[in-house]
Each structure stands twice: as structure tokens, then as C-alpha cells.
Amino acid sequence: MNKLLIAVFALASIGTASAQIKLGVINTQKALLETDEIKKAQAEMEAKFKPRQDQMVKLQKDLGDIQAQLSSGKLNELGTTELTAEGQRKQRELQRDQQDLQEDVERERNEIIQRAGTRMQEVVKKVADEKGLDVVVDSASTVFFKSSFEITADATAAYNKTYPAGSAAAPAPVK
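Residues numbered from 1 in each chain as written. Predicted model: local features only at pLDDT ≥ 70, side-chain atom pairs only at ≥ 80, totals over all residues. Heavy atoms only, no water.

Peer 1: Even after reading the chapter, I still don't get the overall build of the protein chain, so can you show me in this structure?
Peer 2: Summing up its helical and strand segments, the protein chain has 5 helices and 2 strands in all. Counting the 175 residues in the protein chain, one finds 31% classified as buried. Taking the contacts inside the protein chain whose residues are at least 6 apart along the sequence as the reference set, 81% of them involve residues at least 24 apart. Accessible surface, the protein chain as shown: approximately 12,000 Å² in total, 54% of it carbon and sulfur. (Helix = DSSP H or I, 4+ residues; strand = E, 2+ residues; numbered from the N terminus. Buried < 20%, exposed > 50% of the residue type's maximum accessible area, 1.4 Å probe, protein only. Contact = heavy atoms within 4.5 Å. Areas by Shrake-Rupley, 256 points an atom, 1.4 Å probe, with all protein chains shown as cover.)

Peer 1: In this structure, what is going on with helix α4 (residues 77-131)? I would like to understand it.
Peer 2: One turn of an α-helix holds 3.6 residues; hence residues three or four places apart share an orientation. Its 55 residues give α4 an end-to-end C-alpha distance of 78 Å, which sits within 8% of 81 Å, the value for a rise of 1.5 Å per residue. Where α4 begins, the side chain of Asn76 points an oxygen toward the backbone nitrogen of Leu78, at a separation of 3.2 Å. Downstream of α4 by one or two residues, Gly132 has phi in the positive range, about 70 degrees. (Expected span 1.5 Å × (residues − 1). Polar contact = N/O pair within 3.5 Å; in protein donor to acceptor, adjacent residues only side chain to side chain.)

Peer 1: Is there a simple way to think about the packing of α4 against helix α5 (residues 152-162) in this case?
Peer 2: Geometry of a packed helix pair, given as the angle between the helix axes and the separation of the axes. Packing of α4 against α5 leaves a shortest axis separation of 9 Å and a crossing angle of 115 degrees. Compared by their axis directions, α4 and α5 come out roughly perpendicular. Seen along the crossing, α4 lies across α5 with a hand that is right-handed. Mapping the contact onto sequence places Ala116, Arg119, Met120, Val123, Val124, Lys126, Val127 and Lys131 in α4 and Asp154, Ala155, Ala158, Tyr159 and Thr162 in α5. Of the residues contributing to the contact of α4 with α5, the split by class is 8 nonpolar, 1 polar and 4 charged. (Axes fitted to C-alpha atoms, helices over the stretch in contact; angles between N-to-C directions. Parallel < 35°, antiparallel > 145°, perpendicular 65-115°, else oblique. Left-handed = near helix turned anticlockwise from the far one by under 90°. Nonpolar A, V, L, I, M, F, W, Y, C, P; charged D, E, K, R; others polar.)

Peer 1: Is there a simple way to explain the pairing of strand β1 (residues 23-26) in this structure?
Peer 2: Neither face of β1 is left uncovered, since the one carrying Leu23 and Val25 and the one carrying Gly24 and Ile26 both have all their residues buried. When β1 meets strand β2 (residues 135-138), the two strands line up parallel, connected through 4 bridges. Residue pairing for β2: Leu23 is matched across the bridge by Val135. (Pairing = 2+ DSSP bridges.)

Peer 1: What should I look at first to understand the nonpolar core in this one?
Peer 2: Soluble globular proteins tend to bury their nonpolar side chains together. Counting residues in each nonpolar core, the largest one holds 26 residues, and the members touching the most others are Ile26, Met120, Val123 and Tyr159. If you list the elements that add at least two residues to this core, you get α2 (28-33), α3 (36-72), α4 and α5. The leading source of residues in this core is α4, at 10 residues. Sequence-distant contacts of Tyr159, that is, excluding residues within four places in its chain, are made with Thr35, Glu37, Ala116, Arg119, Met120 and Val123. (Core = buried A, V, L, I, M, F, W, Y, C linked by side-chain atoms within 4.5 Å.)

Everything listed here is a matter of coordinates, which is why it stays silent on function.
So, in C-alpha cells, the structure goes:
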């Protein structure tokens, strides 16, 4: 990305006085995270995975109860052996559930971010065309810029307009 910035500034410095490059800066991550679609997807994911999280909380409580019973010293040797085996089984189940949940959440989040990222690139191109910008760079790779170059809010608003989160219909194509 730094090579891109160097090329942009090199082009800007060799340009003639009458041909100025118009530059825009976007915080792509912020623009994406603030879209209605991402906020809705996040809420839907939380609701979707809550029952599994609740099950893991229950397993953790069960493990705590088992540990308390084992620590009480009130069990005979057979009871201690059986409770220890049950605790180990629940611990393995909890670890599998945590790993499965993490993988499922990560996979779904990546699919959502990839789809939204592709859409955001289209929207940024549209916003750049509307504003007559020649180059748009991400603020993550920019040391300093004047706030007048910032188009993050414009991109988020255009994204929300183009891809409304609440509509059941297919999203409108970017022109």
C-alpha cells in the first residue's frame, strides 16, 4: 500500500498546474462496520449463536458444581471416581463446543465481511465518480490527511442506500 501512496504522490508532483489530482480518504473498516447491513448481521449472529453460548455457560456451571462436590470431601472413592469422569467428559464437551462455535462464528463473519467488502469497493468507486475523485486511499495507510478528503461517512451512507439492511428484496445494483 505504501508503494501506491508513493506512486500517487509522484504522479501528483509531476502533474501540470492545470491537471490536479483529486484525492479521497476512507477508513474502510469503519465504513463497513457502521453499515446497517453489518449491524443487522451482527445482531442476527448474536441471536443465532446465543443458545449455544447459553449451553456452554450451563456446562461451565456444571463443571463448577462438580469441582465443588469433589472439593467438599464428602464423597467416597467410587463417587469421586464417577464424578471425576463426568467432569472430564463435560470438560471435553465444553472444549469441543467452544471450538465449534468459534469456527462457525469466524466462518460466518468472514463470509459477511467478504461480501460487504466487495460491495463497499463498488460503492466507493461510485462515490469517487460522483465526487470527481481520481484516487481514494485507505486512512489506515495514510499518515496524515485533511479532514476535507474524508469520504468514510459518504461511503457508509451510499452503502446503506444501495444495500438496505431491512429489505427482503434483492439489493439494488451499483451504477
